[in-house]
Each structure stands twice: as C-alpha cells, then as structure tokens.
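What the coordinates show
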Amino acid sequence: MSNERPLSDLDRMAFARGALTRRDLLRRAGMAGGALAGAGLLAACGSSSGGGSSAVASSGGGAPSFPHTVSSNWTFSNWPLYIDIKNKTHHPSLDAFDAKYSTTTKYLEDIEDNESFFGKVRAQLEAGQSIDRDIVTLTDWMAGKWVALGYCETLDKSLLPNVDANLSSALKGRSIDPNNDHLVPWQSGFTGIAYNPKLTGRDLTSISDLWDPKFKGKVTCLTEMRDTLGLVMLDIGIDPTQCTVADAQKAVDAIQPHVADGQIRRFTGNDYAADLAKGNVAACMAWSGDVVQLQLSNPDLKFVIPDKGGMIWTDNMMIPKNAANPYNAHLWMNFYYQPEIAAMVEDYVNYICPVNGAKEALVAKDPSVANNPLIFPPQSSLDNVNVFKALTPDEDLQFNQLFQGLIGG
Amino acid sequence: MRWLRRRPAGPLLLPAMLWLGIFFFVPMAFMAYKSLETVHVDLTYAQHYTFNWKFSNYTDNISQYKSQFIRSFLYAAIATVAAFVIAYPLAYVIAFRGGRWKNLLLLLVIAPFFTNYLIRTLAWQTILADNSIVTRALDAVRFLDVTDKLGWTSSHRLLATPFAVVSAITYNYLAFMVLPLYVSLEKIDPRLLEASLDLYANRVRAFLKVTLPLSLPGVFAGTLLTFIPATGDYINAEILGNPNTRMIGNVIQSKFLIFNDYPAASALSFTLMAIMLVFIAVYAKLLGTEEVTTV
C-alpha cells in the first residue's frame, strides 16, 4: 500500500492536522508539570478545578497495569455499517478473533453521532465509572477531547506490535495524540457530495449545486458540524483549516436561507444513506465509504469531492477509562492491524484503510475494491481535502451554538 | 388495629411517596437548582457549573426558542383534536356495539403498543417515503396539492413535513385517547339512553344531552393524556420532520445530550412544565372539574 499511496501528501495532511497548537501546548504543560492536566482530571471527576498536582495517567507516563488474561467476553462500540458482515449477522473478522482467542465479542453499532454518543456516556465518565465498553470509535476532534479530558486509557504498546509496524505513517504524530499513546485509527474517510443522477438529471460538482431549486426538499446536510460547515466554508472561499467564529457565522448565514425555504430536507447522521437509497434524497453531503457501500445495490449513485474542496477525517479506536477488559481491547487492536484482517474489513467497509499492506492483501482477492479511488484514493483527491481546524474550547462552544441554531436548536 | 383506623392513609401512601420522592421530587429540585447555574468551559474542554441565580437562563432561552414552544403546543393541540375525532367514534362503537368482540377490539387498539415506540415511528419513514404507495396514491388523488397549499406538506411529499410529524404524534398517542373514552362510555347505563328516547329525544339530542356529558371525564382524561406527552415529544419531529418542524423537546434533548448545557435544558424543561400546569388549570376550570370528579 505504501508504494501505491501518495504518502508524502498524507504526511502533509498529517502536518495540517497538527495545527492545533493550543491544546498541544496544554498537553505538554500537563506532561511536564501535571498541574494543568491534573486540574482537568479533577474537573473530570466532578469536583471544581483545584490545581491538583497528582500524576495524570492520560498524559502518558508508564505502561498501565492490568492482567494479561483474555476475558470470556468484551464489548466493542462502533458506528453502523463499519465492519465486514456476512449473512447479515456475522462479522468474519470478529469471528476469526473470537476463535483465535476463545472469547466472545459483543459488537455494538451504537455510535451514530459523536456529540450525542458523548452526551450519553459523559456523566459516567465524569463520575469515574466504566461505560461498559472496552473500545469506542470516535472521530478525530472528539477523540482528541477524550484524550484531553483523560477519558481514555493509555495503551500498552508492548501488546501492539502490529500497530507499530503497519500504521500508515500519515496517521503518526497527530497532535491530538502525538505518540499514539491513546488512539489507534480505525478508518479515515472523505466528506463530499453524494447524488443520484436519475433524480438530479445532471452531474454535481460543487456545494452550490445542492441549492438548485430543482432539488427542493431533496437535499440533506450532516449533523456533524465540522463536515457541514467545512464544506460550505470551502464553497464560499473560507479555509476551514484556519477559520474563525466570524467565518462560521458566514457559513451559517450561507446555509440559513436554504433551511428556511425548505431546500434542505433534514440534517442527518448516517441515516442519509437510507434516504438516498429510497430516493427520498437526490443529493446530499455524505461520507465516502457509505456511498461505496450504497453503490453495491444502487450502482447509479455517485460520490464527488466538491471542486472547491472536501473534508477528511479519521475515526479512532480507544479504550474508555476503567474499561473492564483492556487486554481483549489491545488484542483486537493488534489483530486488526494485520494486513489480511484489515483487508477483510476493508473489503466490506470501503473507507480509507490505515493499515499498510491491506491494499496488497486485497488486490488478488477483490481488485475492484483495491483499485477503487474512494478507498485507495489518488493524489488529486488527497490534494483537494482538508482537516477541520482544531477548535479551542471557547470556539467549540460558539461554533456549536451557531450550528445548533441553524439546525433548529 | 386502632392506628389503622386513625391514620389509614399513611402506610398506603408510603410506596408511592417514596417512589415519587426519589424519582420525581428530588430530581425536580436538582433540576431547579441546575436551571439557575452558569456553564463555563475550561481549557481542557471540561464543563463547570456555578450556581449564581442566573434567571436569564429562563428569559434568554424562552425568547430564543419561542417558535419551538409555539410549534410544540400547536402540533400537540392539532394531534389531540385529531386523535379525539378518530377515537371518540371508535370508543363509542366498541362500548355500545362491541358485543362479544369488545375485548378483541380493545386488544387491537393497544396492539401497536406491543411494538417499540421508536420502531413504530421508524416504520412511518418507509410508509411515507417519497416513492411509497401512500404518497403516490395521495398525490394521484390531488390530496397533496391541497396540503402543499396549506403548508402542511411541500414539494408533493409527505416525509419530512409538518403533516408527517402531526400525523405520527396522533397515531402514537391514539390509544391514550381511546382507552379513557372507552372506560367512560362503557360505564354509561344504556337505560338512561332508553329513557331519553322515551322522553321524545331524537338520537342526536340523546347523544348531546346524555352520552356526551356523561363521557366528559373520559374526554378530559384522554385529551390530557394525549396533549401532555405530545407537547414534550421529540421522537416524531426528529425522525419524520425537517429543520423547520423541530419542537421544544428536540431543543431540550440537544441541550442535554449534545450541548451538555444542563442549565438551559433545565430552564426550558421547567418553562414547559409551568405552561402545561397553567394550561391544565384553565382546561379543568373550563371543562368543569365537578363533572369530572362526580362520575
């Protein structure tokens, strides 16, 4: 894969991803003195900030200690349609894992939206309780938040040799987790436009095309604030890698009229896929891998990265604080980072794979997937995608307020 | 046994009081406290809440979400009236003409409840889809032309319109209307109707003078049981609506779970409850609580 993939460009993007200076500084301050991060941890435990001097596990330090014994069952929370599946109920990669380690994986598809998932488990994390999941899979910015808040366990890298060997270099040294102490990438993906040419009657190339009055009520946008605002910002000439609150306001103002007049049917999570497949929606903001999957049964559907630019993101596996079965979680992460297992998942999921060697493992078995430009993207696509700027907590709040106001409170 | 005669209520009320105390009054007090707090987000994204009698949580949020409040009451009111119009004849038929089918008919009324609320509502997504038989049929008979004109639907579709949201609320709460109506109608002594007919009342007059007044307690209970949860509902608007059909429940849900803005969510919840209490008081007064309590 590394021969085929323009890694230098992915590296460049990784560097762009590294633009979050403020949080970085804080984390380093935390590592050095423990004071700031300690305050954060105390706050996370529900008490007011007291400038504690306690050591903070989340900021690295020694390897965590837990028994290296396989539990008979463990829980993995992921997004819907995000793993290989056979006969509607079986996940061959998980089955292989279960067989190898004599365990039973409880696989939950209960993450539909970063914010609402976090909202659901936040109180337990704050109270220092287990959330009854051993791996959760969250998008960059939310994963970074968990790292900063100390809501995930430090990984024991001695258990993850495959991750060390096969992780795409583009995903190393990301500022949300510079040493990959907490996060193991699951998949990356593009955010762009999906459309049904039968309903649109023409090809779409830009976000402005979504506002064509012909598609009134047949257009959806995403509830992921960074995706929707990012795409619209690019369309109106704002750089989402370094935008301000004023820029967010401009993007919201650009979308508002289309909400008011009913052009935009809904703001959706993954559920736009059903609308697109049923023909309820002619064109929408969409995630590349979903569309590849939809194309299997609806070959007419198309996905484009808007000519003025698309977005890219990564979902990361992480072990929530106080998880009951961290050893199983480590074993799974390491298991997934074998090219042939990653290829099994990739053959079904079709997002961008973080495991080097997966393409090679797939070429013989399924060349159509291995050569799909949405799964192993060409240079031109990678040149045209952006990572949303890392927001400061204050910006985070203001961006969200603007966006929530837009999508109806 | 003397203590039982003297204070029979105490021990009997204990379970309910404990239950409501722990799961209702304590959380309410906590929510009241929360609703007057201020949120700060620190540099690690942790949220902190400080209690400082922040009454502007109420004024700010009420003015910001006025339209969602109004929409919630409007949708709930329409759904309640629609449910009443559908349920009354149904309950009437079951009560007076049901005969040996009574129990089966009642079972059919509650049958949808054997399916999960969310699943039932999700099924409507398919039923009302843009290319579904229902949508195409209603379009063919020009029904959607009319509803488009009225603003209930748009672009000749049903899904993601106010019509879909209100219809689904009506459907989801219908049984709460049917059952109380049935109970009050069922209790009416048929001899009263015979007497009114003997006294030369025609069927319409007999209904208006005897049946309807005697069924008012059911009407009162049914409308409240429908209207109150319908106002706070957010599932239907979430699944079947569009950004312009969002109700106050959607706002409260997103404030609680997406924003983690507990003070705003608590303030909005209290405001909703306060409006509801006033509404019930006025409604009880209008419909006459005496009739309601004597039957």
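What counts and how
- As a convention, each chain's residues are numbered from 1 in the sequence order in which they are written.
- The naming scheme follows written order: chains are lettered A onward, ligands numbered 1 onward.
- Per-residue local features are limited, in this predicted model, to residues with pLDDT of at least 70; the limit for side-chain atom pairs, both in listing and counting, is 80 or more; totals at the level of whole chains, interfaces and linings are taken over all residues.
- Helix and strand definitions follow DSSP, with helices as H or I runs of at least four residues and strands as E runs of at least two, each counted in order from the N terminus.
- The contact criterion used here is simple: two residues whose C-beta atoms, placed from the backbone, lie within 7 Å are in contact.
- The exposure scheme places C-beta atoms from the backbone and then counts, for each residue, the other C-beta atoms within 10 Å of its own, assigning buried at 20 or more, exposed at 12 or fewer, and partly exposed in between.
- When residue character is reported, Ala, Val, Leu, Ile, Met, Phe, Trp, Tyr, Cys and Pro are called nonpolar, Asp, Glu, Lys and Arg charged, and the others, Gly included, polar.
- Note on method: axes are straight lines fitted to C-alpha atoms, helices fitted across the in-contact stretch only, with angles between N-to-C directions ranging 0 to 180 degrees.
- The cut-offs work like this: below 35 degrees is roughly parallel, past 145 is roughly antiparallel, 65 to 115 is roughly perpendicular, and the gaps in between are oblique.
- We call a crossing left-handed when the near helix sits turned anticlockwise from the far one by less than a right angle, and right-handed when that turn is clockwise.
- You can read pLDDT as the predictor saying how much it trusts each residue, on a scale of 0 to 100.
- Here a nonpolar core is just a set of buried residues of the types Ala, Val, Leu, Ile, Met, Phe, Trp, Tyr and Cys, joined wherever their C-beta atoms sit within 7 Å.
- Expected span of a helix: the number of residues minus one, times 1.5 Å.
- The angle between axes fitted to the seven-residue stretch ending at a residue and the seven-residue stretch beginning at it gives the bend at that residue.
- The criterion for strand pairing is that DSSP finds at least two bridges linking the strands in question.

A closer look at the overall build of chain A
Broken down by element type, chain A carries 18 helices and 10 strands. Sequence-distant contacts in chain A: of pairs separated by 6 or more residues, those separated by 24 or more amount to 77%.

A closer look at the overall build of chain B
When its secondary structure is counted, chain B shows 15 helices and two strands. Each principal axis of the C-alpha distribution contributes one length, and for chain B these read about 80 × 75 × 35 Å. The burial tally for chain B puts 34% of its 295 residues in the buried class. Within chain B, contacts between residues separated by at least 24 positions form 68% of all contacts whose residues are at least 6 apart in sequence.

Looking at the interface of chain B and chain A
Taken together, the contact pairs 28 residues of chain B with 34 residues of chain A. Per-element accounting of the side of chain B that touches chain A gives the leading share, four residues, to helix α13 (residues 248-257) of chain B. For the side of chain B that touches chain A, a count of residues per class yields 13 nonpolar, 11 polar and four charged.

Focus: unusual backbone geometry
Of note, the phi angle at K88(A) is positive, near 70°, even though the residue is not glycine. Tracing the sequence through the fold places K88(A) in the loop between β1 (73-77) and α4 (92-101). One non-glycine residue, W53(B), lies in positive phi territory at about 50°. Tracing the sequence through the fold places W53(B) in the loop between β2 (47-51) and α3 (56-64).

Here we look at the packing of helix α9 (residues 162-186) of chain B against helix α11 (residues 203-232) of chain B
Residues and elements named next belong to chain B. Put simply, α9 and α11 touch, their axes get as near as 7 Å, and they point 160° apart. Accordingly, the angle class assigned to the pair α9 and α11 is roughly antiparallel. You can see that α9 and α11 cross each other, and the crossing is right-handed. Side by side, α9 and α11 meet where I169, Y173, F176, M177, P180, L181, V183, S184 and L185 of the first sit next to S215, P217, G218, V219, A221, G222, L225, T226, P229 and A230 of the second. Partitioned by chemical class, the residues of the contact of α9 with α11 number 14 nonpolar, five polar and no charged.

Description of the environment of A165(A)
Residues and elements named next belong to chain A. If you trace the backbone, A165 turns up in helix α7 (residues 161-166). For A165, a count of 13 C-beta atoms within 10 Å puts it in the partly exposed group. Taking the C-alpha atoms as reference points, A165 and Q398, separated by 233 residues in sequence, lie 40 Å from one another.

Brief notes about the confidence of the model for chain A
Per-residue pLDDT for chain A has a mean of 83; in total, 84% of the residues score no lower than 70. Every residue in residues 1-61 of chain A scores below 50 in pLDDT, and together they form 115 contacts with partners more than four places removed in sequence or on other chains.

Digging into the nonpolar core
A283(A) and M318(A) are the most contacted members of the largest nonpolar core, which totals 111 residues. Among all residues touching M318(A), those that are not within four sequence positions of it are I135(A), V136(A), L138(A), A143(A), W146(A), C152(A), H182(A) and L183(A). With 47 residues, the next largest nonpolar core counts Y75(B), L158(B), V165(B) and I248(B) among its residues.

Here we look at α9(B)
Residue and element names in this part refer to chain B. Here α9 is 25 residues long and its end C-alpha atoms lie 35 Å apart, about the 36 Å a rise of 1.5 Å per residue gives. Approximately 50° is the largest bend angle found in α9, and it occurs at Y173. In terms of residue burial, α9 counts as a mostly covered element, since 21 of its 25 residues are buried.

A closer look at the packing of helix α4 (residues 66-97) of chain B against α9(B)
All names here are of chain B. The interhelical angle for the contact between α4 and α9, taken along N-to-C directions, is 40°, at an axis separation of 7 Å. The pairing of α4 with α9 is recorded here as oblique in orientation. Considering how the two elements wind past one another, α4 and α9 form a crossing that is right-handed. Here the contact of α4 with α9 is built from residues that sort into 24 nonpolar, one polar and one charged.

A few points about the pairing of strand β3 (residues 135-139) of chain A
All names here are of chain A. Burial within β3 is extensive, with five of its five residues counted as buried. Residues of β3 alternate between two faces, with I135, T137 and T139 on one and V136 and L138 on the opposite face, all of them buried. In this sheet, β3 lies alongside β1 in parallel orientation, the contact comprising two bridges. Counted as the bridge partner of S77 is V136 from β3. With four bridges connecting them, β3 and strand β9 (residues 310-318) associate as antiparallel partners. Within the sheet, the bridge partner assigned to T137 lies in β9 and is M317.

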